[in-house]
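Chain by chain, the residues run as shown.
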Amino acid sequence: MSGAPAPEVEIASGGKSVINDDALTSRTAAVFKAAFGPRAVLLPAPGAASEDYSEFVRAGVPSLYFAIGGYDAQQLAGFKAAGKEPPVNHSPLFAPAPEPSIKTGVAAMTLAVMAALQPAG
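Let me begin by describing the structure that accompanies this report.

Right, let's talk about helix H1 (residues 22–36) for a bit. With 15 residues, H1 should reach 21 Å at 1.5 Å per residue; the first-to-last C-alpha distance of 20 Å fits that figure. Along H1, the residues that are buried comprise Leu-24, Thr-25, Thr-28, Phe-32 and Phe-36. Taken end-on, H1 shows its buried residues confined to a sector of 90°, consistent with a single buried face. Across H1 from its buried face, at more than 90 degrees, point the exposed residues Asp-22 and Ala-34. Along its buried surface, H1 packs onto helix H4 (98–117).

Spelled out as structure tokens, the structure:
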């Protein structure tokens with residue numbers, strides 16, 4: 001409609017796999033378990049997410065990709081009662097509970113950084 005030239009579209013492959021550093025994952029998992037108890041869950045199976053974070057791994061940066069929950073128990077119960085899965089972070093319907101999500105995220109990131117800064121061993 002605007003008379004603009006047709007765009008050049010390049011189809012590129014998706015993101016590469018993120019492979020967590022074993023030592024960093026082990027140290028961080030221990031810290032998360034101590035801080036969050038049974039709410040800290042290790043998911044060793046690969047996920048289907050496509051993220052650009054893998055570029056850090058490919059550049060040789062020891063890395064750990066982790067996620068935090070965003071819904072409180074009441075929200076989760078509502079989804080379950082409705083027979084629905086909670087929307088995930090890229091959904092336009094994603095609406096986490098702000099306060100606990102932010103508090104948990106700040107705590108998790110702080111603990112992860114502190115664990116990463118500790119000497120290995």
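What follows is about the pattern of salt bridges. In this structure the tally under the stated criterion is 2 salt bridges. Here Glu-55 and Arg-58 are joined by a salt bridge, their closest N and O atoms 3.6 Å apart. Of this pair, Glu-55 and Arg-58 both sit in helix H2 (residues 54–58), 3 residues apart, which is roughly one turn of the helix. Here Glu-55 falls in the partly exposed class, since its relative accessible area comes to 44%. Judged by relative accessible area, which is 54%, Arg-58 ranks as exposed.

What follows concerns the side chain of Ser-54. Secondary-structure assignment places Ser-54 in helix H2. Judged by its relative accessible area of 1%, Ser-54 falls in the buried class. If near-sequence neighbours (up to four positions away) are discounted, Ser-54 is found in contact with Gly-15, Lys-16, Ser-17 and Val-18.

Approximately 2,000 Å³ is the volume found for the largest pocket. Along the wall of the largest pocket there are 48 residues; nearest its centre are Leu-43, Tyr-65, Phe-66, Ala-67 and Ile-68. Elements with a minimum of two residues in the lining of the largest pocket: H1, helix H3 (73–81) and H4. Broken down by element, the lining of the largest pocket gets its largest block of residues, 7 residues, from H1. Of the residues in the lining of the largest pocket, the class split is 29 nonpolar, 12 polar and 7 charged. Empty space within the second largest pocket amounts to approximately 150 Å³. Lining the second largest pocket are 13 residues, and of these Leu-24, Tyr-53, Leu-64, Met-109 and Ala-116 sit closest to its centre. Taken together, the elements giving at least two residues each to the lining of the second largest pocket come down to H1 and H4. Among the elements that take part in the lining of the second largest pocket, H4 stands out by supplying 4 residues, more than any other. Class assignment for the residues of the lining of the second largest pocket results in 11 nonpolar, 2 polar and no charged.

Criteria and thresholds
Residues numbered from 1 in each chain as written. Predicted model: local features only at pLDDT ≥ 70, side-chain atom pairs only at ≥ 80, totals over all residues. Heavy atoms only, no water. Helix = DSSP H or I, 4+ residues; strand = E, 2+ residues; numbered from the N terminus. Expected span 1.5 Å × (residues − 1). Buried < 20%, exposed > 50% of the residue type's maximum accessible area, 1.4 Å probe, protein only. Arc of directions from axis to C-beta. Contact = heavy atoms within 4.5 Å. Salt bridge = Lys/Arg side-chain N within 4 Å of Asp/Glu carboxyl O. 1 Å grid on protein atoms, 1.4 Å probe; cavity = no way out; pocket = protein on both sides within 12 Å on 5 of 7 lines; lining within 4 Å. Points joined across faces, edges and corners; volume = space filled by probe spheres on them. Nonpolar A, V, L, I, M, F, W, Y, C, P; charged D, E, K, R; others polar.

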